[in-house]
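# Summary of structural features
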Amino acid sequence: MSDNWTEEELKAAVEAYVQMHSDEANGVPCVKKQIYSGLANRFGRTEKSFEYRMQNISYVYSLMGREWVSGLKPAKNVGSNNAAVIERLVSEVEGQSLPKVAEFETQVISYKSKANLSKPRGIKEPDKAYSQVTHFKRDPKVKAWVLKEASGKCECCSSNAPFTTAEGEPFLEIHHLRRLADGGSDTVSNAVALCPNCHREMHYGVNKSSLVSSMYSKLSRLVHE
Ligand SMILES: [Zn+2]
Ligand SMILES: [Zn+2]
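Each chain has its residues counted from 1, running along the sequence as written. A letter from A marks each chain and a number from 1 marks each ligand, given out in the order of writing. In view of the model being predicted, local features appear only for residues whose pLDDT reaches at least 70, and side-chain atom pairs are presented and counted only at 80 or more, with totals across whole chains, interfaces and linings using the full set of residues. Where side-chain values are given, they derive from all heavy atoms of the structure, hydrogens and water being excluded.

### What about the overall build of the chain?
- Elements are defined by DSSP. Helices are runs of H or I of four residues or more, strands are runs of E of two residues or more, and each kind is numbered from the N terminus. Broken down by element type, the chain carries eight helices and two strands.
- Mapped in sequence order, the helices and strands of the chain form the string α-α-α-α-α-α-β-β-α-α.
- Viewed in the frame of its principal axes, the chain has a C-alpha envelope of about 60 × 50 × 30 Å.
- Throughout, exposure labels follow a simple rule: accessible area from a 1.4 Å probe, protein chains only, divided by the maximum for the residue type, with under 20% read as buried, over 50% as exposed, and the rest as partly exposed. A total of 225 residues make up the chain; the buried ones form 39% of that total.
- Taking all contacts inside the chain whose residues are at least 6 apart in sequence as the whole, residues at least 24 apart take part in 62%.
- When the accessible area of the chain is evaluated, it comes to approximately 13700 Å², of which 53% is carbon and sulfur surface. It only takes one pair of heavy atoms within 4.5 Å for two residues to be counted as in contact. The method behind every accessible area is Shrake-Rupley, applied with a 1.4 Å probe, and residues are considered shielded solely by the protein chains displayed.

As structure tokens, then:
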């Protein structure tokens, strides 16, 4: 992402990406090459450059802990500014505002790769920022039912919950296999109870897709959405 793309070009790329993402989730076939060539003609760039841009968008989805469009392996050399712009455009195009993580996390990765990162002073009194974030209204009975079903064991690795909460409950987290942000339902056929390790891995792990498939084969109540 060395050359400068206009907001208009980036927005067109994000719009196409969001469409491919929802088509894929809904099992609607789409021809990626056709989409790139349409964009290439419209903006006078190569198809390849749009394909690569799509992989940058996958990278932002992966930082957000979301599924990316299959075949578009995340390409990580997105500058943190571009990552922030892409994330904002995804929110706008999807019409939902998810917590902003892309700019911060790309900066973390870039600082971490520096050979001589000196000990930072940090921020004594961090500024507060207020933002609107989309929340999904969930059914407490679904969470209760899934937790009872799991009866204190992670439904992925079968280990006991890692600790007991102050309320005396085994601590497990609910994960929606098709994310609510991707149009998934809040039902027991789409929700699992996981230990925090398995939960984070299902969002961010390098093998997350095989982990997700293993849940469908393991638990008969689950239905692909
Ligand atoms: Zn687990
Ligand atoms: Zn989750």
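### As for the coordination of the zinc ion (ligand 1)
- Coordination here is defined by N, O and S atoms within 2.8 Å of the metal (3.2 Å for Na, K and Ca), and since water is not considered, a site can look incomplete. Only Cys154 (SG), Cys157 (SG), Cys195 (SG) and Cys198 (SG) from the protein coordinate the zinc ion (ligand 1), and they sit 2.3 to 2.4 Å from it.
- Only two sets of limits are used to name each site, 85 to 135 degrees for every angle of a tetrahedral four-donor site, and over 155 degrees for opposite donors with all other angles from 65 to 115 for a square planar four-donor or octahedral six-donor site, with any other site named irregular. Around the zinc ion (ligand 1), the four donor atoms are arranged such that angles at the metal cover 104 to 114 degrees; this shape is classified as tetrahedral.
- Under the relative-accessibility criterion, cysteine 198 is labelled buried at 8%.

### Thoughts on the packing of aromatic side chains
- Pairs were defined over the aromatic rings of Phe, Tyr and Trp, the Trp ring being its six-membered one, requiring ring centres within 6.5 Å. Orientation was assigned from the angle between planes: stacked under 30 degrees, edge-to-face over 60, tilted for the rest. Per the counting criterion, the structure on display carries four aromatic pairs.
- Between the aromatic rings of phenylalanine 163 and phenylalanine 171, the centroid separation amounts to 4.7 Å while the plane-to-plane angle is 15 degrees, which identifies the pairing as stacked.
- Accessibility expressed as a relative area gives 45% for phenylalanine 163, which makes it partly exposed.
- On the accessibility criterion, phenylalanine 171 (25% relative accessible area) is partly exposed.

### What to know about the domain arrangement of the chain
- One can read the domain layout of the chain as domain 1 (7-112) and domain 2 (140-218).
- Of the residues lining the interface, twelve residues belong to domain 1; the matching set on domain 2 comes to seven residues.
- Accessible-area loss on putting two parts together, using a 1.4 Å probe and summing over both, is the definition of buried area adopted here. Interface area for domain 1 against domain 2, summed over the two sides, is near 790 Å², with a carbon-plus-sulfur share of 39%.
- For domain 1, the biggest contributors to the area lost against domain 2 are Gly65, Arg66 and Glu67; these three give 54% of the whole.
- Any carboxyl oxygen of Asp or Glu that lies within 4 Å of a side-chain nitrogen of Lys or Arg is treated as forming a salt bridge with it. On the surface where domain 1 and domain 2 come into contact, there are two salt bridges.
- Linking aspartate 182 and arginine 66 is a salt bridge whose minimum nitrogen-to-oxygen distance equals 2.4 Å.
- Any pair of nitrogen or oxygen atoms within 3.5 Å is treated as a polar contact; in protein, a donor-acceptor pairing is required on top of that, and neighbouring residues in sequence qualify only through side-chain atoms on both sides. Inspection of the domain 1/domain 2 interface yields seven residue pairs in polar contact (both at pLDDT 80 or more). Segmentation into domains, and thus their bounds, comes from an automatic or database assignment.

### Side note on unusual backbone geometry
- One non-glycine residue, serine 151, lies in positive phi territory at about 35 degrees.
- Here serine 151 lies in the loop between helix H6 (140-150) and strand S1 (173-176).
- Among the residues examined, serine 151 registers a relative accessible area of 55% and is labelled exposed.
- Unlike most non-glycine residues, serine 158 shows phi in positive territory, near 65 degrees.
- Judged by its relative accessible area of 41%, serine 158 falls in the partly exposed class.

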